[in-house]
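Chains, contacts and geometry: an overview
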Protein chains: 2
Amino acid sequence: MVTTQVESLFGGDPYHADCPTRRILDRIGDRWTVLVVGILGNGDARFSELRRRIEGISQKMLTQTLRGLERDGLVRRTVHPEVPVRVEYALTDAGRTLLGPLRALQQWSIEHLGDVSAAQAAYDRAD
Amino acid sequence: MVTTQVESLFGGDPYHADCPTRRILDRIGDRWTVLVVGILGNGDARFSELRRRIEGISQKMLTQTLRGLERDGLVRRTVHPEVPVRVEYALTDAGRTLLGPLRALQQWSIEHLGDVSAAQAAYDRAD
DNA sequence: CCGTATCCCCTTTGATACTG
DNA sequence: CAGTATCAAAGGGGATACGG
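Residues numbered from 1 in each chain as written. Chains lettered and ligands numbered in written order. Predicted model: local features only at pLDDT ≥ 70, side-chain atom pairs only at ≥ 80, totals over all residues. Heavy atoms only, no water.

In the nomenclature of an unreviewed UniProt entry, chain A is known as Winged helix-turn-helix transcriptional regulator of Dactylosporangium vinaceum.

See below:
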C-alpha cells in the first residue's frame with residue numbers, strides 16, 4: 001500500500017543524500033541501463049543480441065550493466081548449457097514495472113526534444 | 001499531436017547513438033538536474049536557497065546545472081538588481097511538463113527501492 | 001549574494017588481450 | 001559465445017580562491 005510519509009519526498013525540505021530520487025538515479029542514471037531495460041522490454045535477448053542492438057556499447061559495459069540489473073532483481077540471467085553456451089536475459093516482474101515510468105520519460109523526450117534543441121540554439125546565439 | 005513514427009523508438013531495432021532515450025538521459029541523467037527541477041516544481045527559489053536545500057551540491061555544480069536547464073529552456077533565470085543582487089529561478093512551462101514523468105519515476109523508486117535493496121543483499125550473500 | 005576560474009582527483013568508460 | 005582481466009583515457013565533480 002505504501003502509505004508511509006510521502007509528503008516531502010519529491011520537493012520537500014530535507015533533500016537528503018539518500019532520498020529515493022537520488023537512489024533511483026544512481027541505478028538508472030548511467031549511460032546504458034535504460035537502453036538495456038528498454039530492449040528487454042520487447043522480449044528476452046541474448047548477450048550478443050543486446051550488444052548488436054545497442055550501438056556503441058562495449059562488451060565490458062554490457063556485462064557490467066547486466067550484472068547491476070541482475071543484482072537489483074530487475075533482470076534474470078539464464079544459462080543454457082549447450083555448446084557453445086547460450087545466455088538469455090529477461091526482465092523480472094519487478095523489472096517490467098520500470099517500463100512504464102521509463103516510457104513516460106521517453107515520451108516526454110520525443111515531444112519536447114525539438115523545443116529543447118531550439119532553446120539551445122537560441123541560447124547559444126544570444127551569447 | 002506527435003504522430004510521427006514512434007514505432008521503434010523505445011525498443012525498436014536501430015538503437016542509434018542519438019535516439020531520444022539517450023538524449024534525454026544526457027539531459028537529466030546527471031546527479032543534480034532532477035533534484036533542481038524537483039525543488040523548482042514546488043515554487044521559485046533563489047540560488048542560495050537551492051544550495052541549502054540540495055544537500056551536498058557544490059556551488060560550481062549548482063551553477064552548471066542551472067545554466068544547462070536555462071539553456072534547454074526548462075528554467076528561467078531572473079536577476080533583481082538590488083544590493084546585494086537577488087537571483088530567482090523558476091521552471092518554464094516546458095520545464096513543468098517534465099514534472100509528471102519525473103514524479104512517475106520517483107514513485108517507482110519509492111515503491112520498489114525496498115525490493116531492490118533486498119535483491120542486492122540476497123545477490124551479495126549468494127556470491 | 002551570486003557567481004567565475006583553476007587545479008586536481010577519481011570514477012566511469014573504452015580498448016585490448018585472454019579464458020571456459 | 002559469453003564473458004574476465006588489465007591498462008589507459010576522459011571527463012565529471014569537488015575545493016579553493018577570486019571578481020561583480
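Next up on the list: the protein's contact with DNA strand C. Near DNA strand C lie 17 residues; those nearest to it are Lys60(A), Gln59(B), Thr63(B), Arg77(B) and Tyr89(B). Near the protein, meaning within 4 Å, the atoms of DNA strand C are sugar or phosphate in a fraction of 62%, with bases accounting for the rest. At 3.3 Å, a side-chain N or O of Arg31(A) approaches a phosphate oxygen of DNA strand C. Within the side chain of Arg77(B), an N or O atom sits 2.4 Å from a phosphate oxygen of DNA strand C. When residues of the surface near DNA strand C are traced back to their parent elements, those giving at least two are helix H4 (59-71) of chain A together with helix H3 (47-53), helix H4 (59-71) and strand S3 (86-91) of chain B. Of the residues that constitute the surface near DNA strand C, the class distribution is 7 nonpolar, 5 polar and 5 charged. (Near = heavy atom within 4 Å. Polar contact = N/O pair within 3.5 Å; in protein donor to acceptor, adjacent residues only side chain to side chain. Helix = DSSP H or I, 4+ residues; strand = E, 2+ residues; numbered from the N terminus. Nonpolar A, V, L, I, M, F, W, Y, C, P; charged D, E, K, R; others polar.)

The next thing to look at is the packing of helix H2 (residues 33-40) of chain B against H4(B). All names here are of chain B. Viewed as axis vectors pointing N to C, H2 and H4 meet at an angle of 75°, and their least axial separation amounts to 10 Å. As the angle between them shows, H2 and H4 are arranged roughly perpendicular. Mapping the contact onto sequence places Thr 33, Val 36 and Val 37 in H2 and Leu 62, Thr 65, Leu 66 and Leu 69 in H4. Residues belonging to the contact of H2 with H4 are distributed by class as follows: 5 nonpolar, 2 polar and no charged. (Axes fitted to C-alpha atoms, helices over the stretch in contact; angles between N-to-C directions. Parallel < 35°, antiparallel > 145°, perpendicular 65-115°, else oblique. Contact = heavy atoms within 4.5 Å.)

Moving on, we get to the pattern of salt bridges. Considering all chains together, one arrives at 10 salt bridges over all chains under this definition. With a shortest N-O distance of 2.7 Å, Arg96(A) and Asp93(A) are connected by a salt bridge. Here Arg96(A) pairs with Asp93(A), and both are found in helix H5 (residues 93-97), just 3 residues apart, close to one helical turn. For Arg96(A), a relative accessible area of 42% gives the class partly exposed. For Asp93(A), a relative accessible area of 59% gives the class exposed. Among the salt bridges present, the one from Arg86(B) reaches Glu88(B), with a minimum N-O distance of 3.7 Å. (Salt bridge = Lys/Arg side-chain N within 4 Å of Asp/Glu carboxyl O. Buried < 20%, exposed > 50% of the residue type's maximum accessible area, 1.4 Å probe, protein only.)

Moving on, we come to empty space enclosed by the protein. Per the counting criterion, the structure on display carries 2 cavities of 30 Å³ or more. Approximately 120 Å³ is the volume found for the largest cavity. Looking at the largest cavity, it is lined by 14 residues, and the ones nearest its centre are Val34(A), Leu102(A), Leu105(A), Ile24(B) and Leu25(B). Of all the elements in the fold, those that place two or more residues in the lining of the largest cavity are helix H1 (20-28) and helix H6 (99-126) of chain A together with helix H1 (20-28) of chain B. Here the lining of the largest cavity gets 4 residues from one element, more than from any other, and that element is H1(B). Split by residue class, the lining of the largest cavity holds 10 nonpolar, 4 polar and no charged. Each pocket or cavity is described by its volume, and for the second largest cavity that value is around 80 Å³. Lining the second largest cavity are 10 residues, with Thr21(A), Ile24(A), Val34(B), Leu102(B) and Leu105(B) positioned closest to its centre. Contributions of two or more residues to the lining of the second largest cavity are made by H1 of chain A together with helix H6 (99-126) of chain B. Broken down by class, the residue content of the lining of the second largest cavity amounts to 8 nonpolar, 2 polar and no charged. (1 Å grid on protein atoms, 1.4 Å probe; cavity = no way out; pocket = protein on both sides within 12 Å on 5 of 7 lines; lining within 4 Å. Points joined across faces, edges and corners; volume = space filled by probe spheres on them.)

Residues and elements named next belong to chain B. Within S3, 5 of the 6 residues are buried, which leaves it mostly tucked inside the rest of the structure. With 2 bridges joining them, strand S1 (residues 45-46) and S3 adopt antiparallel strand pairing. Residue pairing for S3: Arg 46 is matched across the bridge by Glu 88. Sheet analysis places strand S2 (residues 75-80) next to S3, joined by 6 bridges and oriented antiparallel. By the bridge assignment for S3, Val 75 is matched with Leu 91. (Pairing = 2+ DSSP bridges.)

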